[in-house]
Amino acid sequence: TNARILETEGKSAVTFKDVAGLKEAKVEVMEVVDFLKNPEIYTKLGAKIPKGVMLVGPPGTGKTLIAKAVAGEAKVPFFSMSGSEFVEMFVGVGASRVRDLFKQAKSKAPSIIFIDEIDAVGRSRGKVNAFQANDERESTLNQLLTELDGFGPNTGVIVIAATNRPDVLDKALLRPGRFDRHIYLELPNKTEREEIFKVHIRQLKLAKDIDINSLAALSPGFSGADIANICNEAALIAARHKKQLIKQSDFMEARDRVIGGLERKSKIISPKE
Ligand code: ATP
């Protein structure tokens with residue numbers, strides 16, 4: 001069946017402990033956690049709590065992860081949808097799905113709505129040519145704008161959107177009162193890669209020869225998602241060789257495999273430091 005689930009509601013078990021590096025982004029989203037947990041501190045002074053936050057960064061840098069961590073830390077329900085699937089999957093019903101999503105989130109407020117790949121629906125309306133013109137996408141975007149304007153700033157719903165293409169977004173999305181706050185996530189530097197490795201080896205059975213420092217040094221340009229991938233690949237490789245513990249050599253083999261995969265996807269691996 002093609003009954004794909006695009007909206008999921010749930011309590012997020014992710015917390016800031018699961019998010020390595022991204023120090024500045026964490027500080028900024030902590031404010032969002034506080035808006036959700038203690039709205040009265042702000043509203044008492046007459047402040048309007050922001051409705052929308054845009055996470056901007058390359059693929060795999062932890063945008064979804066940090067959005068889930070906000071929900072987990074604030075202990076509020078997490079509703080999510082992906083811009084791309086949305087437009088492709090539900091021709092004719094995009095707008096009504098957006099309406100439903102906001103309705104549900106409002107009924108469970110305080111809550112978070114997460115919109116991944118918002119550029120897929122939120123691409124500038126002027127920038128599409130005749131072949132790409134997509135009425136469905138446009139009506140979904142219009143509904144999203146309507147919904148954003150349709151609830152008060154202190155409703156307890158905060159919409160977090162993610163994109164790696166902020167340059168193509170329709171300006172209407174970025175107006176005050178919509179996604180006017182931007183939080184930037186970058187590829188991790190070596191120290192941050194070490195921290196990400198540490199998060200992902202927590203649940204692995206490791207041999208004594210594991211050297212995180214050199215793993216981090218040997219993975220320049222890797223995203224958090226790539227590193228999570230290496231850790232899991234290493235465990236799979238060790239298991240295939242019937243080992244009791246995962247060794248450094250398994251990680252190195254996993255790293256080569258992930259690099260191979262990245263090259264096939266013709267991504268450019270550019271060392272950051
Ligand atoms: P995309 O743009 O491709 O949707 P994204 O920025 O939303 O990517 P995530 O889906 O959050 O990236 O990351 C994928 C996985 O990579 C996470 O579930 C997590 O396991 C790992 N990961 C990414 N960044 C980090 C990080 N900073 N700390 C720990 N794990 C990370």
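Computed from a predicted structure; not experimentally measured. The residue numbers shown here count from 1 along each chain, following its written sequence. In view of the model being predicted, local features appear only for residues whose pLDDT reaches at least 70, and side-chain atom pairs are presented and counted only at 80 or more, with totals across whole chains, interfaces and linings using the full set of residues. In computing side-chain values, all of the structure's heavy atoms are included and hydrogens and water are not.

Caption draft 1: Highlighting unusual backbone geometry. The amide bond that connects A109 to the next residue, P110, takes the cis arrangement and shows omega of 0 degrees. The residue P110 is located in the loop between α5 (94–107) and β4 (111–116) in this model. In this structure, L22 is a non-glycine residue whose phi angle is positive, near 50 degrees. Helix numbers and strand numbers start at the N terminus; a helix is a DSSP run of H or I with at least 4 residues, a strand a run of E with at least 2. Examined against the element boundaries, L22 turns out to sit in the loop between β1 (8–11) and α1 (23–37). Judged by its relative accessible area of 13%, L22 falls in the buried class. Residues other than glycine seldom take positive phi values, yet K75 does so here, at roughly 55 degrees. Burial classes follow relative accessibility: with a 1.4 Å probe on protein chains only, a residue under 20% of its type's maximum area counts as buried, one over 50% as exposed, and anything between as partly exposed.

Caption draft 2: Summary view of the layout of surface pockets. As defined here, a cavity is a set of points on a 1 Å grid over the protein atoms alone where a 1.4 Å probe fits but cannot get out. A pocket is an open set with protein on both sides within 12 Å along at least five of seven lines, and residues line them when an atom is within 4 Å of a point. Grid points are joined across faces, edges and corners, and a volume is the space filled by probe spheres set on the points. One number sums up the size of the largest pocket: a volume of about 590 Å³. A20, G21, L22, T61 and E186 are the residues nearest the centre of the largest pocket, which is lined by 31 residues in total. Residue polarity is assigned by list, with Asp, Glu, Lys and Arg as charged and Ala, Val, Leu, Ile, Met, Phe, Trp, Tyr, Cys and Pro as nonpolar; anything else, Gly included, falls into the polar class. The residue makeup of the lining of the largest pocket, split by class, is 14 nonpolar, nine polar and eight charged.

Caption draft 3: View of the site of the ligand. For this purpose, a residue is taken to be near a molecule or strand whenever a single non-hydrogen atom of the residue falls within 4 Å of it. Among the 17 residues in the neighbourhood of the ligand, the closest are listed as A20, K63, T64, L65 and H200. For the purposes of these results, a polar contact is taken to be a pair of N or O atoms within 3.5 Å, where, inside protein, one atom must be able to donate a hydrogen and its partner to accept one; residues adjacent in sequence count only when each atom of the pair is a side-chain atom. In this structure, L65 approaches the ligand through a main-chain N or O atom, which is 2.9 Å from an oxygen atom. The method behind every accessible area is Shrake-Rupley, applied with a 1.4 Å probe, and residues are considered shielded solely by the protein chains displayed. Look at the ligand: alone it shows 620 Å² of surface, and the protein chains cover 77% of it. For a cavity or pocket, the test is whether more than half of a molecule's atoms lie within 2 Å of its grid points; if they do, the molecule sits there. When each cavity is represented as a set of grid points, the ligand is found to reside in the largest pocket. Within the shell around the ligand, the residues separate by chemical class into eight nonpolar, six polar and three charged.

Caption draft 4: View of the pairing of strand β2 (residues 52–56). Burial analysis of β2 places five of its five residues in the buried class, which makes it a mostly covered element. Going residue by residue along β2, you find G52, M54 and V56 tucked away on one face and V53 and L55 tucked away on the opposite face as well. Two strands form a pair only when DSSP identifies at least two bridges running between them. Inspection of the sheet shows β2 paired to strand β5 (residues 157–163) by five bridges, in the parallel sense. Residue pairing for β5: G52 is matched across the bridge by V159.

Caption draft 5: Molecular detail of the side chain of S223. Tracing the backbone shows S223 in the loop between α9 (212–217) and α10 (224–240). On the basis of relative accessibility, which here comes to 2%, the residue S223 falls in the buried class. Discounting chain neighbours no more than four positions away, the residues touching S223 are P59, G60, L187 and P188. Residue contacts are counted whenever heavy atoms from the two residues lie within 4.5 Å of one another.

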